[in-house]
Amino acid sequence: MKREFAVIGLGRFGGSICKELSIEGMEVLAIDNNEDRINEYKNIASHAVIADATDEVSLKELGIKNIDHVIVAIGDDIQASILTTVILTELGIKKITVKAQNDYHAKILNKIGADQVVHPERDMGKRIAHSIISNNILDYLELSDDHSIVEVKVGEKMLGKTLAELDIRANYGCNVVAIKHGKDINVSPSADHRFLEGDILIVIGADKDIFRFEKHLVIEE
Ligand code: ADP
């Protein structure tokens, strides 16, 4: 069954969400108050409409109430983003995702009832910072304020040793949930897995534990 989405604000972030949802075959109503942006998305989204999202009447006329999930991706205009979110919560939209510009904005969005608040720039900044600390840190995903998942290349000190020998859980408090090698992926690897050059580990844990693990076993001096 096709699910219905609306994306409000077709800047880089909202535009990219709109494109991906459309590629995946989802019904997307694209809304922006800028005519050029709407023209750009006319042939991408199922419907693309010029409207000011802070105008409740316009949103109602567009049938926004029937949409399952609305994504508010209004950029710098924090006031418009907040007002739009308030209108959507008052209209009883089932799921509202909003892009926050900063922590204050995020706090307000959570208070007024946004179901999901995302910080794409901040999150991408963190991921890139981790990848530039070491070439061995391939990716980083924040799970909460103090827990993450990282994807790291096997460190030289780990080569030839087994998971049991390194005892990463006992020594560093984090868990190796999968090991990739080329196209193969070994989910929940057994304790006798012996590390080889080219192994890539997916590790989950508290940031402080992951940091110790990376420092001792992954980052080469
Ligand atoms: P990004 O940082 O993701 O590139 P931008 O600030 O470039 O975001 O884009 C935000 C989009 O939101 C713009 O296309 C702008 O026209 C649209 N927008 C801003 N305010 C409103 C509003 N009140 N109603 C509808 N669209 C809006």
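As shown above, the structure is provided for reference.
Residues numbered from 1 in each chain as written. Predicted model: local features only at pLDDT ≥ 70, side-chain atom pairs only at ≥ 80, totals over all residues. Heavy atoms only, no water.

Undergrad: Any details on the site of the ligand? Residues and values, ideally.
TA: Taken together, 19 residues form the shell around the ligand, and within it Arg12, Asp32, Arg37, Asp52 and Ala53 come nearest. Arg37 is positioned with one of its side-chain polar atoms (N or O) 2.5 Å from an oxygen atom of the ligand. Residue Ala53 places a main-chain N or O atom 3.0 Å away from a nitrogen atom belonging to the ligand. In the complex, the protein chains occlude 85% of the 580 Å² of accessible area that the ligand would expose alone. Residue composition of the shell around the ligand, grouped by class: 7 nonpolar, 6 polar and 6 charged. (Near = heavy atom within 4 Å. Polar contact = N/O pair within 3.5 Å; in protein donor to acceptor, adjacent residues only side chain to side chain. Areas by Shrake-Rupley, 256 points an atom, 1.4 Å probe, with all protein chains shown as cover. Nonpolar A, V, L, I, M, F, W, Y, C, P; charged D, E, K, R; others polar.)

Undergrad: Explain the packing of aromatic side chains residue by residue, including any values.
TA: A full pass over the atoms with the stated rule returns 1 aromatic pair. Their ring planes at 65 degrees and their centres at 6.1 Å tell us that Tyr172 and Phe213 sit as a pair that is edge-to-face. Taken together, the residues span a long stretch of sequence, with Tyr172 in helix H8 (residues 168-172) and Phe213 in helix H9 (residues 207-218) at a distance of 41 residues. Like Phe213, Tyr172 is buried. (Phe/Tyr/Trp six-rings, centres within 6.5 Å; stacked < 30°, edge-to-face > 60°. Helix = DSSP H or I, 4+ residues; strand = E, 2+ residues; numbered from the N terminus. Buried < 20%, exposed > 50% of the residue type's maximum accessible area, 1.4 Å probe, protein only.)

Undergrad: Quick rundown of the side chain of Asp32? Include the residues and the values.
TA: With respect to the helices and strands, the residue Asp32 is situated in strand S2 (residues 27-32). Salt bridges are absent for the buried Asp32, whose nearest opposite-charge side chain, Arg37, sits at 4.7 Å. Among the polar contacts listed, one links the side chain of Asp32 to the backbone nitrogen of Leu10, at a separation of 2.7 Å. Contact partners of Asp32, with chain neighbours within four places excluded, come to Gly9, Leu10, Arg37, Ile38, Val49, Ile50 and Ala51. (Lys, Arg positive; Asp, Glu negative; His and termini not counted. Salt bridge = Lys/Arg side-chain N within 4 Å of Asp/Glu carboxyl O. Contact = heavy atoms within 4.5 Å.)

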